[in-house]
Amino acid sequence: MNFTVLLFVSLFCGLILAMEDSANTETEKTIESCFPDMCNLLKEFGALREKLGAVETRLKDSETQIQELKSKEKTVVIFSAATGGGNTAIGPFNEATTLVFRTVITNIGNGYNQFTGIFAAPVKGVYYFTFYHHAGGSHIVSLNLIKNNNSVVQTFDHRSSGDTADNGGNAVFLQLQQGDQVYVRLDANAHVWGNDLVTTFSGFLVNQD
């Protein structure tokens, strides 16, 4: 009797264990079948994030370059001005004097100041300047193009009793830093003829650095 009970209990316990092993096996199979897909999905997601990060970096770099190009494209500096003065002589003066070109013809970029006669470079770059004069022969003509208080080029004509009028001029390329000043100086005891047509000062930005 006891042997029969023990045998029954053993068989029952074995059946339960077999059922548990079967359930665990099914669960493991389910996990094993799903887990690789999840891993692959995570790997693909990580790779996608890296690609998106690289694309974002490239877009930022491109945007920066585009903004720099747009900034350079918008920088236009051109000016031309005449002395004005109503067809009268300007000078001679006892000391060197900045020649003020009051009649503004063009001033794109607002680099030229018609009240001081001084051009201040809005941006760093290479600029081209010209200045021309008309004057009689009763006094010398001596004009200097000045960069930051230093004479760069000059136009000059001697006094002459037989030569009633002359025209002259000069030109130069200058490498300027932002804020550098350029202007025309009338030397002491010199004169020019002032009106809206013949004595002029011009310049423009050739290339921005």
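Note: the structure precedes this text.
Chemist: Quick question: what am I supposed to make of the overall build of the chain here?
Modeler: Helix and strand counts for the chain come out as one helix and 13 strands. Going from the N terminus to the C terminus, the chain shows its helices and strands as α-β-β-β-β-β-β-β-β-β-β-β-β-β. In the chain, which comprises 209 residues, the share counted as buried stands at 26%. Within the chain, counting contacts between residues at least 6 apart in sequence, those at least 24 apart form 74% of the total. Of the roughly 13,700 Å² of accessible surface on the chain, 57% is carried by carbon and sulfur atoms.

Chemist: Honestly, the nonpolar core in this entry has me stumped. Any pointers?
Modeler: As a rule of thumb, nonpolar side chains are buried together in soluble globular proteins. Membership of the largest hydrophobic core comes to 28 residues, with the highest contact counts inside it found for Phe119, Tyr127, Phe129, Leu145 and Phe201. Elements with a contribution of two residues or more to this core: strand E1 (78-82), strand E7 (125-136), strand E8 (141-147), strand E10 (165-176), strand E11 (181-186) and strand E13 (200-208). With four residues, E7 is the single largest residue contributor to this core. If sequence neighbours within four positions are ignored, Tyr127 has contacts with Val77, Phe119, Ala121, Pro122, Val172, Phe173, Leu174, Leu176, Phe204, Leu205 and Val206.

Chemist: In this structure, what is going on with the side chain of Ser142? I would like to understand it.
Modeler: With respect to the secondary-structure elements, Ser142 resides in strand E8. At a separation of 3.0 Å, a polar atom in the side chain of Ser142 contacts the side chain of Gln154. Of the polar contacts made by the side chain of Ser142, one reaches the side chain of Asp187; its length is 2.5 Å.

Chemist: I keep staring at the environment of Gly168 and nothing clicks. Help me out?
Modeler: Take Gly168: it is sitting in strand E10. Spatially, the C-alpha atoms of Gly168 and Ala135 are 8.7 Å apart, while their sequence positions differ by 33 residues. Not counting residues up to four positions away in its chain, the partners in contact with Gly168 are Phe131, Tyr132, His133 and Thr155.

Chemist: What exactly am I supposed to notice about a nonpolar patch on the surface here?
Modeler: Taken together, the side chains of Val76, Ile78, Ile108, Phe173, Phe204 and Val206 define a hydrophobic patch exposed on the protein surface, amounting to about 500 Å² of accessible area. Along the chain, the position of Phe204 falls in strand E13. Judged by its relative accessible area of 34%, Phe204 is partly exposed.

Chemist: Whenever I open this one, the side chain of His133 confuses me. Can you help?
Modeler: Topologically, His133 is positioned in strand E7. In this structure His133 comes out as buried when scored by relative accessible area, which is 3%. Contacts of His133, omitting those with residues within four sequence positions, involve Val141, Leu143, Thr155, Asp166, Asn167, Gly168, Gly169, Val192, Val198 and Thr199.

Chemist: How should I be thinking about the packing of aromatic side chains in this particular structure?
Modeler: Note on aromatic pairs: each is described by the distance of the centres and the angle between the planes. This model, assessed by the stated rule, comprises twelve aromatic pairs. Consider the rings of Phe79 and Tyr112, whose centres lie 5.3 Å apart with planes at 5 degrees: the pair is stacked. In this pair, Phe79 sits in strand E1 while Tyr112 sits in strand E5 (residues 112-113), placing the two residues 33 residues apart along the sequence. Since its relative accessible area comes to 1%, Phe79 is described here as buried. Relative accessible area serves as the criterion here: at 5%, Tyr112 is assigned to the buried category. Seen in terms of ring centroids, Tyr112 and Phe201 are 6.2 Å apart; in terms of plane orientation they differ by 80 degrees. Their pairing is edge-to-face. Of this pair, Tyr112 sits in strand E5 while Phe201 sits in strand E13; the two residues are 89 residues apart in sequence, bridging distant segments of the chain. Residue class for Phe201 comes out buried when judged on its relative accessible area of 0%. Cluster of aromatic residues (ring-pair linked, three or more members): Phe79, Phe101, Tyr112, Phe119, Tyr127, Phe129 and Phe201.

Chemist: Any chance you could explain the sheet that holds strand E4 (residues 103-108) here in plain terms?
Modeler: Strand pairing in a sheet takes place through backbone hydrogen bonds and is either antiparallel or parallel in direction. Read across the open sheet, the five strands follow the order E4-E1-E13-E7-E10; overall the sheet is antiparallel. Of all strands in the sheet, those bounded by a partner on one side alone are E4 and E10. Sheet twist, expressed as the mean angle between neighbouring strand axes with direction ignored, is 10 degrees. Pairing of E1 with E4, which is carried by five bridges, proceeds in the antiparallel orientation. Within E4, the residue paired with Ala81 across the bridge is Val104.

About the cut-offs
- Residues numbered from 1 in each chain as written.
- Predicted model: local features only at pLDDT ≥ 70, side-chain atom pairs only at ≥ 80, totals over all residues.
- Heavy atoms only, no water.
- Helix = DSSP H or I, 4+ residues; strand = E, 2+ residues; numbered from the N terminus.
- Buried < 20%, exposed > 50% of the residue type's maximum accessible area, 1.4 Å probe, protein only.
- Contact = heavy atoms within 4.5 Å.
- Areas by Shrake-Rupley, 256 points an atom, 1.4 Å probe, with all protein chains shown as cover.
- Core = buried A, V, L, I, M, F, W, Y, C linked by side-chain atoms within 4.5 Å.
- Polar contact = N/O pair within 3.5 Å; in protein donor to acceptor, adjacent residues only side chain to side chain.
- Patch = residues over 30% accessible without salt bridge, like charges linked within 9 Å, V, L, I, M, F, W, Y side chains within 5 Å.
- Salt bridge = Lys/Arg side-chain N within 4 Å of Asp/Glu carboxyl O.
- Phe/Tyr/Trp six-rings, centres within 6.5 Å; stacked < 30°, edge-to-face > 60°.
- Pairing = 2+ DSSP bridges.
- Axes fitted to C-alpha atoms, helices over the stretch in contact; angles between N-to-C directions.

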